[in-house]
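# Overview (structure and organization)
Residues per chain, in single letters:
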Amino acid sequence: MKEVVNVSDVCLKYQSKNGEIEALSHVSFSINSGEYVSIVGPSGCGKSTLLSIIAGLLKPTSGQVFVENQIVEKPSPVLGYMFQKDQLFSWRTVYQNVLLGLEIQHQKTPDNIAYVDKLLKEYGLYEFKDKFPDQLSGGMRQRAALIRTLACRPEILLLDEPFSSLDYQTRLAVADDIYQIIKNEKKTAIMVTHDISESISVSDKVVILSGRPARVKEVLDITFEEPTRTPLTCRKYPEFQKYFNHIWKELDIHVS
């Protein structure tokens, strides 16, 4: 498989009122085309900070990130970023919201508009395109946010805890939806999550980070015997519990 992301010996230090803080320490891993990769680690270890470095929003103190063999020095159209909240504007319709990225990039061409229409039809939102965000369920809003990101045709999606604002039942269903869309569109995805079960259910591999300063403890390949797995169905397989216990142990989580 073709390598599309390479995080090479990335370190990050920053100044605080209490002195210098080391957030990331010699972080290295690679991601292949079409993979769905989750980054997990203890709370506050720097998962979202690492995602910002990959996105070109933050410069590392040392080390480099390569995307499609190019050094990341600033945000790139190759990368699409999906935030924790859907960031839909309440005064714009769903259709106006999903076209927003194209407007900002001056790419609102007939071809790109046709692509947006195709995505809305394929993923069940076309009949709601003239509705406003407040008229949609949480799951539909997340789908709209993803379509807005896909509209600009990035090759790699960066997802920063995209389901964290949803209740548990909705979260399971939406994770399944988003996973299917990303796989159908043949995109590479990097997701930050604090949910171990979620990371296993959607991922081809999981990058396990240590506490601060974060370093890579392990890159764990996730495979199931069932070739047509989905985030919902894979939870019933014995491998799921095995992976959960392994990641739990690596994160050194203790329950009092």
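You'll find the structure just up there.
This structure is a prediction, so every number in the text was calculated from the model and none was measured.

## Points about the sheet that holds strand β7 (residues 156–160)
Taken in spatial order, the six strands make up an open sheet running β6-β7-β8-β3-β9-β10, and their pairing is mixed. Here the strands that pair on one side only, and so sit at the sheet edges, are β6 (79–82) and β10 (216–221). On average, each strand axis in the sheet is tilted by 15° relative to the strand beside it, whichever way the strands run. Sheet strands touched by helix α1 (residues 47–55): β3 (36–40), β6, β7, β8 (188–192) and β9 (205–209). Its angle to β7, the strand with the most contacts, is close to 155°. Sheet strands touched by helix α8 (residues 238–250): β3, β9 and β10. Its angle to β10, the strand with the most contacts, is close to 175°.

## Here's the deal with the packing of helix α5 (residues 138–150) against helix α6 (residues 168–184)
Axis separation between α5 and α6 bottoms out at 10 Å; the angle between their running directions is 25°. Comparing the axis directions of α5 and α6 gives the class roughly parallel. With respect to the hand of their crossing, α5 and α6 are arranged in right-handed fashion. On α6, the residues that touch Gly-139, Gln-142, Arg-143, Leu-146 and Leu-150 of α5 are Thr-170, Val-174, Asp-177, Ile-178, Ile-181 and Ile-182.

## Topic: the pairing of strand β2 (residues 19–32)
For strand β1 (residues 3–16) and β2, the ladder comprises ten bridges, and the chain directions are antiparallel. Bridging across to β2, Glu-3 finds its partner in Asn-32. Hairpin connection, β1 to β2: the antiparallel pair is bridged by two residues.

## Concerning the pairing of β6
Where burial is concerned, the two faces of β6 agree: the one with Leu-79 and Tyr-81 and the one with Gly-80 and Met-82 are both buried. Here four bridges tie β6 to β7, and the two strands are oriented parallel to one another. Its bridge partner lying in β7, Leu-79 is registered against Ile-156.

## Overview of α5
Between its first and last C-alpha, α5 extends 19 Å over 13 residues, near the 18 Å set by a 1.5 Å rise per residue. Across the 13 residues that make up α5, a large majority, twelve, are buried. For α5, every residue scored as buried is listed here: Gly-139, Met-140, Arg-141, Gln-142, Arg-143, Ala-144, Ala-145, Leu-146, Ile-147, Arg-148, Thr-149 and Leu-150.

## A closer look at the packing of aromatic side chains
The geometry of an aromatic ring pair is captured by two quantities: the separation of the ring centres and the angle between the planes. In the structure shown here, the tally under the stated rule is five aromatic pairs. Summarising the aromatic geometry, the rings of Phe-224 and Tyr-243 are spaced 5.9 Å apart at their centres and angled 75° between planes, so their arrangement reads as edge-to-face. Of the two residues, Phe-224 sits in the loop between β10 and α8 while Tyr-243 sits in helix α8, which places them 19 residues apart along the sequence. Each of the two residues, Phe-224 as well as Tyr-243, counts as buried. Between Phe-244 and Trp-248, the aromatic rings sit 5.8 Å apart at their centres with planes inclined by 25°, giving stacked as the arrangement. With Phe-244 and Trp-248 both in helix α8 and four residues apart, this pair spans about one turn of that helix. Cluster of aromatic residues (ring-pair linked, three or more members): Phe-224, Tyr-237 and Tyr-243. If you follow Lys-121 out to its NZ or CZ, it ends over the ring of Tyr-126, 4.8 Å from the centre. Above the ring of Tyr-126, the side-chain terminus of Lys-129 is found at 5.3 Å from the ring centroid.

Cut-offs applied
- Residues numbered from 1 in each chain as written.
- Predicted model: local features only at pLDDT ≥ 70, side-chain atom pairs only at ≥ 80, totals over all residues.
- Heavy atoms only, no water.
- Pairing = 2+ DSSP bridges.
- Helix = DSSP H or I, 4+ residues; strand = E, 2+ residues; numbered from the N terminus.
- Axes fitted to C-alpha atoms, helices over the stretch in contact; angles between N-to-C directions.
- Contact = heavy atoms within 4.5 Å.
- Parallel < 35°, antiparallel > 145°, perpendicular 65-115°, else oblique.
- Left-handed = near helix turned anticlockwise from the far one by under 90°.
- Buried < 20%, exposed > 50% of the residue type's maximum accessible area, 1.4 Å probe, protein only.
- Expected span 1.5 Å × (residues − 1).
- Phe/Tyr/Trp six-rings, centres within 6.5 Å; stacked < 30°, edge-to-face > 60°.
- Lys NZ or Arg CZ within 6 Å of the ring centre and 35° of its normal.

Everything listed here is a matter of coordinates, which is why it stays silent on function.
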